[in-house]
Structure formats: structure tokens, C-alpha cells
Amino acid sequence: MATQPIPVLEEAAGACVDAHGGAIGMPQLCVEWVPNQIFWLLVALVLIYLLLTRIAMPRIGAVLAERKGTITNDLAAAEELKQKAKEAEAAYIQALADARAEAARIVAAAKADIQADLDAATAKADAEIAARSAESERRIGEIRASALESVTEVAKDTAKELVAALGGKADARSVTAAVTARLKG
Amino acid sequence: MAAEGGLPIHPMDQFIVKPLFGDGPVYWYTPTNVTLWLMLAVLAVGALMILGTRRRAIVPTRSQSIAEVLYGFVHNMVEEVAGHDGVKYFPYVLTLFLFILCANVLGLIPMSFTTTSHVAVTVVLALGVFLGVTLIGFARKGAGFLSMFWISSAPLALRPVLAIIEIISYFVRPVSHSIRLAGNLMAGHAVLKVFAGFASVALISPVAIGAMTAIYALELLVAFVQAYVFTILTCVYLKDAVGDAHH
């Protein structure tokens, strides 16, 4: 059934391939093909090496470095913003505390002012009251003194009139002495 | 290999290197299916890392955030595993990671060619790391780089023995580093092919297709995990060259 091998196949057949194009033993051990494999392998390796070192690796390395840089920058920016937020919060709290302190200070100052005014007004009123009562005292004293004098006058006059009415002859000096003694009495 | 009347399963045929144009012999410069899928991996890396980031947005789009996640993932890995001094070599580590990841995932497209399933490819990658680490180590530390083989925390009598073991393990690194990647992918793809062959038998095809689906999911995981493993081992080796303390 096997056809007569055609001359071309006969020619192609060598130490490693039989007349039907089948392998004789292991093709891996065929020395005839080794130079060809080594040559083309070296070509392929050099090509891959050049493709990688000239184009692929710088590109990927740059992309990875850029990404790393971007991530680092973003993290740093986030950290900075966080710091800023913290500062803003601290500033807000500080402002709040300041405002409270200021308010308390103003309240205290107002209280102190009012107290001072009140004290001054009280003192002034006290002083006025004291002055007025002293004036009144003095006037009462005067009135009392004048009343006393009037009483003496009236008493003397009355005594003179009485003495005269009774028919006596009264000299003014003795009547006065008698009234005075009596008033002291 | 095709057995007459048997199942048409050729799990290893998917690894054959063919010229893209015609059927001539494969010279070192011949554009082959290896070339095609390597260049597709280059395009995939370009689409992921350059097209996706063309807007340079501060708030990334979906495609840009994929590029950024890949960048950040490998950058952190280099910084944490290899130390701060290792970051200088981050471009090369990223190149390795993205190339292996794209090649692995592209290899899962049906009918595709998985460049990283070939030891020739992974050995070049691993030897590049091995020679690079050794040169960086000697350049940075001079003869002091050799002190990583002399375990000063071990008893003196044991140190020569440990030194021999350490040296052997050091030189085995590129082998394990490369075979791990190529072996994982080759095995996974071969298994997928085997189950695909079984799927042509009506009786077991539901099972075979179910198994293929499951293995495909596993292979998708493997594609990522192996890219990750290769890269983190690169960082671990780099630490020996640039780190100050021995682990």
C-alpha cells in the first residue's frame, strides 16, 4: 500500500527523517538542525532583548514611577488637607473660646461699671441726704433758738405788763433779771 | 515508523525541523518552522509588552496591566531572589522569562511547533545563564567566587568532599536547567499526540478526547510553571554571582 517515495522526499530524508517524512528517533537529538536552531534562537533573543530594553522597559518603568509619584503626591496632598482641616478646627475652637472669653469679659466690665455707677450714685445720695439732714438740723436749731428768744421776749413783756397791771412800778432791769432767772430755772 | 494497519501515531513528528520554503536541506541560515515560531514568540512579546503599553496610562488598561504585572513579577523575583545587585541583570532575565513563556504557550496551539521542546534551544538558554553567571561571578569577586565551593560552615574534614560535590553540582546546572524545560514540554506534547492518535479509534475516542482536554489544561499550567522555574533558577544562580553571602 505504501507508495513509492517520490524523489523529493528521498532528498529531504536525512539522518533524522525517514523517507515518509517521519522522525527517526528523537528529533531533539538531530545534530543537523542544531546550528539552524541556535542561530534563529539568538536572533529571536536579541530581538526580544532590544524590544524590551529600548521600548518596553523604559516605558513601563516610567509609567510605574509616574504612578508611584502620583500616588505619593496625592497622599501628601491628602495629608496636607487633613492637617489644614485640623488647623481650621483648632482655629475655630480657639475663636469660639476667645469669643466666649471676650463676652465674659464684657459682661464683667459692664457689671463693674454698673456697680461703680451705683456705688457713686449711692454715695452721692448718701452725701446729699446727710447734707440735707444737717441743714434741717441747723434750721430746727435756729427755729428752736428763735422760739426760745421769743419766749424770753414775751415772758419779759408779759411780766412787765403784769407788774404794771398789778400796780407796781417795775424797772426794766430787775424784771429782766427775774425772768432770766426764772427761765434758767 | 508507521506501522501498517496499526494506529497512525507519530508523537515525535511534531518536533521535526522543516524548511519553510521548499524541501531543501536545513542550513544554519535556512528559514525553518523554528524560525517562524521563534519570530511569532518575538511578536507575542512585542504585542504583550509594547502594544499593550502604548497608551502609557496612569490608570492602566487591561492589556497594560498585564504587561505591568509581568514586569513587576519578574522584577520582584530578581530583587528578592538574586538581591539588590541582581537588578542590573533584570532585562536579560525578563527576556528569558517572556521568551520561554510565549514560546511555551504558542507551542500549545494545535499544529504549531514548540521551539522550547528542543534541547538545542534550551541548552543555549541555560548555557547563556551558566556562562553569564560564571563570568559575572569572577568579574565581581575574582578568585573569591570559588569560595562558594568551600563550605566554611562545614567541619574541615568534610570540606574537600563537599567541594567536589558542589563543583559537580555547579557544572550539572546547565544540564538540569535545560533538560527540565525541554523534557517537560517534549513529554507533554508527545503525550498529547499519543492521545490524539487514540482518538481516531471510535471505541475509546471519548476517553481519549477527555484525557487530551485534561492534559492540555495540565500542559497550559506546565507552560507557565516551566517558564517560572527557569527564571527563578536563573535568579538563584545569579545570586551566587552577585550576592555577598553564601546560602
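Cut-offs used in this document
Residues numbered from 1 in each chain as written. Chains lettered and ligands numbered in written order. Predicted model: local features only at pLDDT ≥ 70, side-chain atom pairs only at ≥ 80, totals over all residues. Heavy atoms only, no water. Axes fitted to C-alpha atoms, helices over the stretch in contact; angles between N-to-C directions. Helix = DSSP H or I, 4+ residues; strand = E, 2+ residues; numbered from the N terminus. Parallel < 35°, antiparallel > 145°, perpendicular 65-115°, else oblique. Nonpolar A, V, L, I, M, F, W, Y, C, P; charged D, E, K, R; others polar. Contact = heavy atoms within 4.5 Å. Buried area = accessible area lost by both parts, 1.4 Å probe. Salt bridge = Lys/Arg side-chain N within 4 Å of Asp/Glu carboxyl O. Polar contact = N/O pair within 3.5 Å; in protein donor to acceptor, adjacent residues only side chain to side chain. Expected span 1.5 Å × (residues − 1). Buried < 20%, exposed > 50% of the residue type's maximum accessible area, 1.4 Å probe, protein only. Disulfide = S-S within 2.5 Å.

Caption draft 1: A look at the packing of helix α2 (residues 34-165) of chain A against helix α1 (residues 33-51) of chain B. Here α2(A) crosses α1(B) at 5 degrees, and the two axes come no closer than 9 Å. With respect to each other, α2(A) and α1(B) are oriented roughly parallel. Among the residues making up the contact of α2(A) with α1(B), the classes are represented as 18 nonpolar, four polar and one charged.

Caption draft 2: Spotlight on the interface of chain B and chain A. Across the boundary between the two partners, chain B contributes 48 residues, which contact 42 residues of chain A. A combined buried area of about 4100 Å² lies between chain B and chain A, and 74% of that area is made up of carbon and sulfur atoms. Taken together, chain B and chain A are joined by one salt bridge. Residue A:Arg67 is joined to B:Glu68 by a salt bridge in which the shortest nitrogen-to-oxygen separation is 2.8 Å. Where chain B touches chain A, the interface holds 12 residue pairs in polar contact (both at pLDDT 80 or more). If you tally residues by element for the side of chain B that touches chain A, the top one is α1(B), at nine residues.

Caption draft 3: Expanded view of helix α4 (residues 119-141) of chain B. Residue and element names in this part refer to chain B. Taking 1.5 Å per residue, 23 residues should reach 33 Å; α4 reaches 32 Å between its end C-alpha atoms and fits that length. Residues Ala120, Val121, Thr122, Val124, Leu125, Ala126, Val129, Phe130, Val133, Thr134, Ile136 and Gly137 constitute the buried set of α4. One or two residues past the end of α4 sits Gly142, with phi positive at roughly 60 degrees.

Caption draft 4: A look at the state of the cysteines. Enumeration according to the criterion identifies one disulfide over all chains in this entry. Linked covalently through their sulfurs, A:Cys16 and A:Cys30 form a disulfide whose S-S length is 1.7 Å. Negative torsions about the S-S bond denote left-handed disulfides, and the value of about 75 degrees found for A:Cys16 with A:Cys30 makes this one right-handed. One end of the pair, A:Cys16, is in the loop between α1 (7-12) and α2; the other, A:Cys30, is in the loop between α1 and α2, and 14 residues separate them in sequence. Comparing A:Cys16 with A:Cys30 shows no difference in burial state: the two are buried. Looking at B:Cys235, it has no disulfide partner, and the nearest cysteine sulfur is the one in B:Cys102, 17 Å off. According to the relative accessible area criterion, B:Cys235 is buried, its value standing at 0%.

Interpretation in functional terms is not warranted from these geometric data alone.
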